Amino acid sequence: MNHDHVASNRYSHKQAPSRLRSVIFRQSHLTGFELRPLTLLERLSLSLGKAIDHRTIPFDIIVRQQFKDLLNEPISKQHQRYFGKYFTDDISTKTFTINEFDRLFQLTSLLTKRILIVFNLNKSYEKNSISGEDIIRIARLLWISPMSIKAFILFKLFDSTDKDIISINDIRSFYEQYLSEVKYFKDEKRLNEVVEIFLQGFFLSNNKNQQQELNFEQFHEILQQNPSVFKSLYLISIPDQDNEDDEQTIWFKQWWMYIKNNANRILFLILYILISIVLIIYVIIYRVIILENHSVPQVIARIGGMLVNFNYALAVSLMLKQTMTIIRRLYYLRLFIPVDDHIDAHRFVGTMLFISAMIHSLGHAINFATNLDGHSWFALMFTTAAGIGWVDHSATITGVILFVLLLIMVICSFQCIRQRSGCYQLFRYTHYLFWPIFILLVIHAPNFWKWAIGPMVLFCFEKIYLFKRHLPKYGRTKLISIRIEDEHVLSLMIEKPSNFNFHVGEYINICLPNIVRNEWHPFTICSSPERKDIIRLTIMKKQNWTRKIYEHFSKEQNSDNNSQMTEITVDNLNNKSETNSKNLSLYPREIIFTDKQKDAVVCIEGPFSTCTSYIFDCEHVVLVGASIGITPYISALESLIYQLREQRCKCLRCGTMNYKQSVLTNQKLKKIDFIWVNRDIGNVSWFRSILDEFEAEQESYLAATTPSTTNSQSRYLDIHLYCTSIRSNEQAMLGNLPYHLVANMYEVIQHEDMHTQLRTPTHVGRPPWKLLFAKFKAEHRSTNVFFTGNRIMADEIKKHCDEHTFRFQHEPYF
């Protein structure tokens, strides 16, 4: 019997021999084992095929007998070896509790009970004990069974009364228990709505008459009529144990791929090292050969001092934000200069600056200890007794002060301190110590000003330029509204100053002076430059400033009668239901500001660029964001919507809408793959309107350009939504079957995703980066991957980028 598709609900005796042989052959081919002997069922079917000419065998009897036959069939040695490796041990002689059985197959308590009933192991459930041999038999049947048997297992999961008929109430009861256990839905009304839609798919016939009961043949026919639902049956298998044997690339190939994808970074690192070596050699030659100073501690101290000069000048240069913005906007310049790494480079150079200062101080300390010249070591270190320094012999005193200030700055820059609650401002204010450090270095070392004068002048010019933030036309503006998206996120709608211009992916520093005075924080602009009226920022409540702002406006919203509440349709909300007392706390909620409200005053500084600002200079881009990290890419998507709309044209003859293909074809950016990874799928509500708008715009574009077929290559955007709070299908398998089944049936009936109500489906688990990137490699000549999120995910994605020679850019970690 063809296990992928069954053409009818009856099994003809004339077709039985060839079909059964076909199943045996394909099954042995797929599982990698030799052709096994015919089972009792197969021998019975063959004999019936010879003896009976006109009779037919009911399909459900064939499947039921095949299920029993496979279950009772002796386990081959090949299978024993496989499951010994799969379970990491020979479990055939062991016994397990029901909870241990749950963990092996990653099942809920309801599924555990039902699956044991299906396999006639009711007594094992009652005794809370199951043998390892029974576990292997279950695993083997789930693994090798054809689709017809998988459909039978699903049918029996719903048939709790074992009457070989399932009713509406049977499936409703099953899903109410299952969905309440896994807690996919927070709202009970939404849960019931999804279950009712699922029941419509099974019990509402073509003539719109609702059936009350289904036998297995009817159930199997309904599954076949819906291919996406039928495909869910593949989950009736054993779960992946996360022990994939990825091919290990040889080390020199990995190094070569890394070098190829990071050539400009490696080049500048080599240049930095060469300059440092040249400076060290210069100091040695000048001190030992020209000045004939053979004191090793003094030479070491001078080497450290020279490196301090160089690293200080470089550290300041790397934080010239306006200069970095200019470099990013010049295509050929940013190809050679790794401007995207300027913040990481600043941290590295700052570390080297501190190490150089330690070498410099240690050299002098050793020199004073070995050459006291009638003074104590303490006097030489902490007074002017050493007689060195071009301003009143103050080099030792200023040196000690410099080292203390630098030590304070470095300690307060550690990530563990900077990101601790209440410590961000400590990091910010201690970083202003670079001004007294600059002044003291000028007094301390006679040649320091030659190194620092250029970067410091540019830095001062930038700061003077940024004073425009206090001017109404450039930076001083007001809030239009605050939208509280959920219990962690709020969006700020800011009136765009008349002379304020920005590009896609840029960020600004903002200050709300009447709420938290003198605090400036960076946030990415998530509205498009084409919007002339507002700037939108979406921020997540974490700690310090963001928490203060969120709590302030949340309290104001609760006490403000002018606030507006709108109902959203993501995951646990129903846009068709009437608002009741429970809905009064739903999100999002919006506060509209007037000109007279003091809290509406906001100052903005910038814009400053990031790597996202050159998305439109690439041919194919993959935008990857984790949770709130998606904000820089929302600006790009909204901008893309405006670009598509600008190319609309109307036929004068027939009045149909079309697009200017010549303009669209000449654009460099051909395709965007947008990957959003969330733990809570409800986060989609933050930017639901943008995603919905783009889906509608793209459908309009595809209808106008390819009316007969939907060519995937003509799509501008593919959206990939992932919810990581649910294990992936490959990891959970049978445990995910009820969810996968109801989600697919919901999509078939409603033509939208069960959680987000978007046309784009929601995938469960983490993205399969290897498969996704292999697909991108096959479809596109060049790919640029942009990422915003945590370092762990960044390292994983970058590894795959190196493997496929994709260019990898990430937003800075502030």
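As the structure is a computational prediction, the values presented were derived from the model and not from experiment. (Residues numbered from 1 in each chain as written. Predicted model: local features only at pLDDT ≥ 70, side-chain atom pairs only at ≥ 80, totals over all residues. Heavy atoms only, no water.)

Quick notes on the pattern of salt bridges
As enumerated under the stated definition, the model contains 29 salt bridges in all. In this structure, Lys94 engages Asp89 in a salt bridge whose closest nitrogen and oxygen atoms are separated by 2.2 Å. Look at Lys94 and you get partly exposed, because its relative accessible area is 36%. Here Asp89 falls in the partly exposed class, since its relative accessible area comes to 33%. Shared partners join several salt bridges into a network, and the residues in it are Arg64, Lys156, Asp159, Asp162 and Asp164. (Salt bridge = Lys/Arg side-chain N within 4 Å of Asp/Glu carboxyl O. Buried < 20%, exposed > 50% of the residue type's maximum accessible area, 1.4 Å probe, protein only.)

A look at the side chain of His364
Here His364 shows up in helix α19 (residues 342–370). His364 sits in the buried class, given a relative accessible area of 15%. Beyond its immediate chain neighbours, meaning those up to four positions away, His364 contacts Ala301 and Ile388. (Helix = DSSP H or I, 4+ residues; strand = E, 2+ residues; numbered from the N terminus. Contact = heavy atoms within 4.5 Å.)

Regarding helix α6 (residues 109–118)
Counted residue by residue, α6 has seven buried out of ten residues, so it is predominantly covered. Within α6, the full set of buried residues consists of Leu110, Leu111, Thr112, Arg114, Ile115, Leu116 and Val118.

Examining the environment of Val764
Positionally, Val764 belongs in strand β20 (residues 762–764). The sequence separation of Val764 and Arg727 amounts to 37 residues, and the corresponding C-alpha distance is 6.2 Å. Discounting residues that sit within four places of it in the chain, Val764 has contacts with Cys723, Ile726, Arg727, Ser728, Asn729, Asn736 and Tyr739.

Quick word on the packing of helix α24 (residues 434–444) against helix α25 (residues 448–465)
In contact at an axis separation of 10 Å, α24 and α25 are set at 150° when each is read in the N-to-C sense. Classed by the angle they form, the pair α24 and α25 counts as roughly antiparallel. Crossing angle aside, the handedness with which α24 passes α25 is left-handed. Residue-level contacts link Phe434, Trp435, Phe438, Leu441 and Val442 of α24 to Phe448, Ala452, Met456, Phe459 and Cys460 of α25. Broken down by class, the residue content of the contact of α24 with α25 amounts to ten nonpolar, no polar and no charged. (Axes fitted to C-alpha atoms, helices over the stretch in contact; angles between N-to-C directions. Parallel < 35°, antiparallel > 145°, perpendicular 65-115°, else oblique. Left-handed = near helix turned anticlockwise from the far one by under 90°. Nonpolar A, V, L, I, M, F, W, Y, C, P; charged D, E, K, R; others polar.)

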